[in-house]
Amino acid sequence: MSKKQHDAALEALDRFKIELPSWGFADTGTRFGKFFQDAAASTTEEKLHDAGLVHELTGACPTVAVHVLWDFDEPGNPDSAAATKKLAKKHGVKIGCINPNVFQDQQYKLGSFCSPDANARKDAMKHTMDSIALGKAVGSKSMAMWLADGTNYPGQDNLRRRFNDLKKAVRKMHDKMVKDWKGSTLLIEYKPFEPAFYHTDIPDWGASLLLCQHAGKNAKVLVDTGHHLPGCNIEQIVALLLNEGRLGGFHFNDRKYADDDLTLGSIDPYAVFRIFNEIAQFEFDTGKKPGGAAIDYMVDQSHNLKPKLEAMVQTVCEAQKLFAKAYLVDRAALAEAQSAGDIVGAETLLKNAFDADVTPVLKAWRKQHGLPADPLRELRRSNVVARLGKERARARAERGEVASASYA
Ligand code: PSV
Ligand code: MN
């Protein structure tokens, strides 16, 4: 690795911030059941504490995404926002992306903004407006809309009516954000199936992009890496969205089959590298600094079996490793190979970067920032997971709870 490559990777790492999901520290599971962990967080404060610990170990996670119904006692109450903001500060982090929840209440059986029931659509908008006020009050910069809307059977509902109602809704929330919440971004997430199994109202990046274009310039597409059908070329989606100025951010996770929520890079690290490579290429082509593209990198994983803190530290380190590798690609040589039609030469440049050992770069970066050289080893050495397990199990017993709080 040349000094130039080493320095570019170091510089990119400085700008690479990864937002942690509050729900990734709580007990979650599959639809077949949940396996509770003593150390799982069951209060908002515990979730923020754990996120703060991951940030302390990795130096890369200053913000925490929150789910409105799971993290705020009273979403409509400004005092509850102030309290959460204060708790985040106490644990050395800030509140990041706001995730409204218009999918778990009974009135959303047939959908939220796409429901044939006008009252459900109205309730969804009321909750979203409360979430916008909350986002502003906690000092967040974005709101992510993920809808479980869809149908299970052909003929169940009118697909165009549903999408047209959704278009109106995203325009309304975007306008409210522009008016009341300066500098905020509306992120629109897509998912091909689950929980709906015949059609999903925002199935893919094309539908997300259509909604963003209709909503306005502060709306961008949110790419959850697990929300694609097998074989999908995610890096191409990323390249095209960057080209159109509509890539808002990511929900990182890995998958083998569907939306498996496995640890990033655990199944296919080369796929993650290829995504980062498109981002690095975009930055190079547009004269941005390494890591300079304005993208919200977020984790969206549920660790049903792995200890949650360990899984999160592992994810952040893996993301940093694969990100650093993308900045080793020799872009000038790649352009030359591409224009000469040297397919093997071009591919080899990518493979060489992917195969390179970036441990020295990561170590140098961590040393520069006074961080442990190996955050996961440090977490294990500290024995904090066992300590938290004891403390939290005792606290739950005192509150009369058998297991930690459960989430959808
Ligand atoms: C839905 O599968 C999703 O990816 C959305 O981002 C939700 O906010 C998150 O998972 C948690 O349910
Ligand atoms: Mn997601």
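Everything numeric in this text was worked out from a predicted model, so none of it was measured.

Participant: It is not clear to me how the layout of surface pockets should be interpreted in this structure. Could you clarify?
Facilitator: Picture a little ball the size of a water molecule; that probe, rolled over the atoms, points out where space is still empty. Each pocket or cavity is described by its volume, and for the second largest pocket that value is around 540 Å³. Elements represented by at least two residues in the lining of the second largest pocket include exactly β1 (18-21), β3 (94-99), β6 (185-189), β9 (247-252) and β10 (296-299). Of the residues in the lining of the second largest pocket, the class split is 11 nonpolar, 8 polar and 7 charged.

Participant: Looking at this structure, I do not really get the side chain of T28. What am I missing?
Facilitator: Along the polypeptide, T28 turns up in the loop between β1 and α2 (44-58). Overall, the relative accessible area of 6% leaves T28 in the buried class. Reaching out from T28, the side chain makes a polar contact with the side chain of S302 at a distance of 3.4 Å.

Participant: How should a nonpolar patch on the surface be read in this particular structure?
Facilitator: Together, F193, F197 and L229 give the surface a local cluster of nonpolar side chains, amounting to about 280 Å² of exposed area. Looking at the secondary structure, you find L229 in the loop between β8 (219-224) and α8 (234-243). What makes L229 partly exposed here is its relative accessible area of 48%.

Participant: Is there a simple way to think about the nonpolar core in this case?
Facilitator: Nonpolar side chains in soluble globular proteins generally cluster together in the buried interior. Counting residues in hydrophobic clusters, the biggest one holds 107 residues, and the most contacted among them are F113, M173, F250, F276 and I279. Broken down by element, this core gets its largest block of residues, 10 residues, from helix α10 (residues 308-326). Setting aside anything within four residues of it in sequence, one finds F276 in contact with F16, F252, Y297, A319, L322, F323 and A326. Judged by nonpolar contacts, the second largest core, of 8 residues, contains W70, L187, L222 and M298.

Participant: Could you clarify how one ought to interpret the site of ligand 1 in this entry?
Facilitator: Every residue lining ligand 1 is accounted for by W23, H67, W70, N99, W146, E189, K191, D224, H227, H251, D259 and D300. At a separation of 2.8 Å, an oxygen atom of ligand 1 approaches a polar side-chain atom of E189. At a separation of 2.8 Å, an oxygen atom of ligand 1 approaches a polar side-chain atom of D300. Protein chains bury 88% of the 310 Å² of accessible surface belonging to ligand 1 in isolation.

Participant: What am I meant to see in the pattern of salt bridges here?
Facilitator: One side chain can pair with another of opposite charge once the charged atoms of both are near each other. If you walk through the whole model with that rule in mind, you get 24 salt bridges. In this structure, D165 engages R121 in a salt bridge whose closest nitrogen and oxygen atoms are separated by 3.7 Å. A residue pair is termed long-range when its members are at least 10 positions apart, and D165 in helix α6 (residues 159-180) and R121 in helix α5 (residues 118-138) qualify at 44 residues. By relative accessible area, D165 is classed as buried at 13%. For R121, a relative accessible area of 23% gives the class partly exposed. A salt bridge links D165 to R161; its shortest N-O distance comes to 2.7 Å. A residue pair is termed a helical-turn pair when its members lie 3 or 4 positions apart in one helix, as D165 and R161 do in helix α6 at 4 residues. Each of R121, D157, R161, R162, D165, K168 and D201 takes part in one network of salt bridges that share partners.

Participant: I would appreciate a short explanation of the environment of D254 in the present structure.
Facilitator: In this structure, D254 sits in the loop between β9 and α9 (269-285). Each C-alpha atom of the pair D254 and K3 lies 32 Å from the other, and the pair is 251 residues apart in sequence. Among all residues touching D254, those that are not within four sequence positions of it are D260, D261, L262, T263, L264, G265, S266, I267 and D268. A distance of 3.3 Å separates a polar side-chain atom of D254 from the backbone nitrogen of S266. Within the local environment of D254, its side chain forms a polar contact with the backbone nitrogen of I267, the two atoms lying 2.9 Å apart.

Participant: Help me out: how do you make sense of the coordination of the manganese ion (ligand 2) in this one?
Facilitator: Where a metal carries four tetrahedral donors, each ideal angle is 109.5 degrees; where it carries six octahedral donors, the ideal angles are 90 or 180 degrees. Protein coordination at the manganese ion (ligand 2) comes from E189 (OE), D224 (OD), H251 (ND1) and D300 (OD), with a distance range of 2.2 Å. Coordination at the manganese ion (ligand 2) is octahedral: its 6 donor atoms span angles of 72 to 166° at the metal. Summarised as a motif, the one-chain spacing of the donors to the manganese ion (ligand 2) is E-x34-D-x26-H-x48-D. Residue E189 is located in strand β6, and its partner D224 is located in strand β8; the two are separated by 35 residues in the primary sequence. Residue classification places E189 among the buried positions, given a relative accessible area of 3%.

Participant: For this particular structure, what's the right way to read the packing of α5 against α6?
Facilitator: The description of two helices packed together rests on the angle between their axes and the distance between the axes. Contact pair α5 / α6: the axes reach a minimum separation of 11 Å and the direction vectors enclose 25°. Comparing the axis directions of α5 and α6 gives the class roughly parallel. Between α5 and α6 the crossing geometry is right-handed. When α5 is examined against α6, the residues R121, M125, T128, M129, I132 and K136 are found in contact with a partner set consisting of R161, D165, A169, K172, M173, K176, M177 and D180. Considered class by class, the residues forming the contact of α5 with α6 number 6 nonpolar, 1 polar and 7 charged.

Participant: Whenever I open this one, helix α7 (residues 205-215) confuses me. Can you help?
Facilitator: Because an α-helix packs 3.6 residues into every turn, residues spaced three or four apart end up facing the same way. Within α7, burial applies to A207, S208, L209, L211, C212 and A215. Those residues of α7 that are buried lie in contact with α6, β6, β8 and α8. One or two positions beyond α7, positive phi appears at G216, with a value near 140°.

Participant: Please explain helix α13 (residues 359-368) as it appears in this structure.
Facilitator: Every buried residue of α13 is accounted for by V361, L362, W365 and R366. Each buried residue of α13 lies within a common arc of 130° when the element is viewed along its axis, so the set occupies one face. Exposed side of α13, more than 90 degrees from the buried face: K367 and Q368 are the residues found there. Buried residues in α13 make contact with α1 (3-15), α2, α10 and α14 (375-382). Positive backbone phi, at 65°, marks G370, one or two positions downstream of α13.

About the criteria used
- Residues numbered from 1 in each chain as written.
- Chains lettered and ligands numbered in written order.
- Predicted model: local features only at pLDDT ≥ 70, side-chain atom pairs only at ≥ 80, totals over all residues.
- Heavy atoms only, no water.
- 1 Å grid on protein atoms, 1.4 Å probe; cavity = no way out; pocket = protein on both sides within 12 Å on 5 of 7 lines; lining within 4 Å.
- Points joined across faces, edges and corners; volume = space filled by probe spheres on them.
- Helix = DSSP H or I, 4+ residues; strand = E, 2+ residues; numbered from the N terminus.
- Nonpolar A, V, L, I, M, F, W, Y, C, P; charged D, E, K, R; others polar.
- Buried < 20%, exposed > 50% of the residue type's maximum accessible area, 1.4 Å probe, protein only.
- Polar contact = N/O pair within 3.5 Å; in protein donor to acceptor, adjacent residues only side chain to side chain.
- Patch = residues over 30% accessible without salt bridge, like charges linked within 9 Å, V, L, I, M, F, W, Y side chains within 5 Å.
- Areas by Shrake-Rupley, 256 points an atom, 1.4 Å probe, with all protein chains shown as cover.
- Salt bridge = Lys/Arg side-chain N within 4 Å of Asp/Glu carboxyl O.
- Core = buried A, V, L, I, M, F, W, Y, C linked by side-chain atoms within 4.5 Å.
- Contact = heavy atoms within 4.5 Å.
- Near = heavy atom within 4 Å.
- Donors = N, O, S within 2.8 Å, 3.2 Å for Na, K, Ca; no water.
- Tetrahedral: all angles 85-135°; square planar, octahedral: opposite > 155°, others 65-115°.
- Axes fitted to C-alpha atoms, helices over the stretch in contact; angles between N-to-C directions.
- Parallel < 35°, antiparallel > 145°, perpendicular 65-115°, else oblique.
- Left-handed = near helix turned anticlockwise from the far one by under 90°.
- Arc of directions from axis to C-beta.

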